[in-house]
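# Chains, contacts and geometry: an overview
Next come the chains, spelled out residue by residue.
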Amino acid sequence: MDILKNPTTVKLLAVQIIKACDEYISLKLPEKQFRELLYHYASQHGTKLFSIKGINPTIVNRIGKKRLELVNIMLNGYQHRLPAI
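Residues numbered from 1 in each chain as written. Predicted model: local features only at pLDDT ≥ 70, side-chain atom pairs only at ≥ 80, totals over all residues. Heavy atoms only, no water.

Take helix 1 (residues 10-25) next. The terminal C-alpha atoms of helix 1, which comprises 16 residues, lie 22 Å apart, in line with the 22 Å expected from a rise of 1.5 Å per residue. Among all positions of helix 1, only Leu13, Ala14, Gln16, Ile17, Ala20, Cys21, Glu23 and Tyr24 are buried. (Helix = DSSP H or I, 4+ residues; strand = E, 2+ residues; numbered from the N terminus. Expected span 1.5 Å × (residues − 1). Buried < 20%, exposed > 50% of the residue type's maximum accessible area, 1.4 Å probe, protein only.)

Here it is in structure tokens:
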């Protein structure tokens, strides 16, 4: 598995999500690892992954509808923390 855990840009994050989704679909990446990777992205790179209305539009446009549906299913139940004031 050659997926970068800490991408530096939104576009690079989208590329890593595409790789992870494709590996999961081809049964090369177990569901538990896939979910943990997405939770890592959500918790550590939330500003890149999320926008005010949900998933960042750049990510949505780059990963496509089917992968977006898969990401939403895997992130179901994840609660993003609000920054401390």
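The subject of this paragraph is helix 5 (residues 65-74). Buried within helix 5 we find Leu68, Leu70, Val71 and Met74. Taken around the axis of helix 5, the buried residues stretch over an arc of 160°, which confines them to a single face. In this structure, helix 5 carries Lys65, Lys66 and Ile73 as exposed residues pointing more than 90 degrees from its buried face. In the core, the buried residues of helix 5 are packed alongside helix 1, helix 2 (31-44), strand 2 (54-55) and helix 4 (57-63). (Arc of directions from axis to C-beta. Contact = heavy atoms within 4.5 Å.)

Tracing the sequence through the fold places His45 in the loop between helix 2 and helix 3 (46-49). Reaching out from His45, the side chain makes a polar contact with the backbone oxygen of Lys5 at a distance of 3.5 Å. Beyond its immediate stretch of four places on either side in the chain, His45 contacts Lys5, Asn6, Pro7 and His40. (Polar contact = N/O pair within 3.5 Å; in protein donor to acceptor, adjacent residues only side chain to side chain.)

Running from N to C, helix 1 and helix 5 cross one another at 85°; their axes reach a closest spacing of 10 Å. On the basis of their axis angle, the class for helix 1 and helix 5 is roughly perpendicular. Across from Ile17, Ile18, Cys21, Asp22, Tyr24 and Ile25 in helix 1, the residues of helix 5 making contact are Arg67, Leu70, Val71 and Met74. Considered class by class, the residues forming the contact of helix 1 with helix 5 number eight nonpolar, no polar and two charged. (Axes fitted to C-alpha atoms, helices over the stretch in contact; angles between N-to-C directions. Parallel < 35°, antiparallel > 145°, perpendicular 65-115°, else oblique. Nonpolar A, V, L, I, M, F, W, Y, C, P; charged D, E, K, R; others polar.)

So, on to the packing of helix 1 against helix 2. Two elements in contact, helix 1 and helix 2, have axes separated by 10 Å at closest approach and are oriented at 165°. Classified by the angle their axes make, helix 1 and helix 2 are roughly antiparallel. Note that helix 1 runs across helix 2; the crossing there is left-handed. For the pair helix 1 and helix 2, contact is made by Leu13, Gln16, Ile17, Ala20, Cys21 and Tyr24 and by Glu31, Phe34, Leu37, Leu38 and Tyr41, respectively. A per-class count over the contact of helix 1 with helix 2 returns nine nonpolar, one polar and one charged. (Left-handed = near helix turned anticlockwise from the far one by under 90°.)

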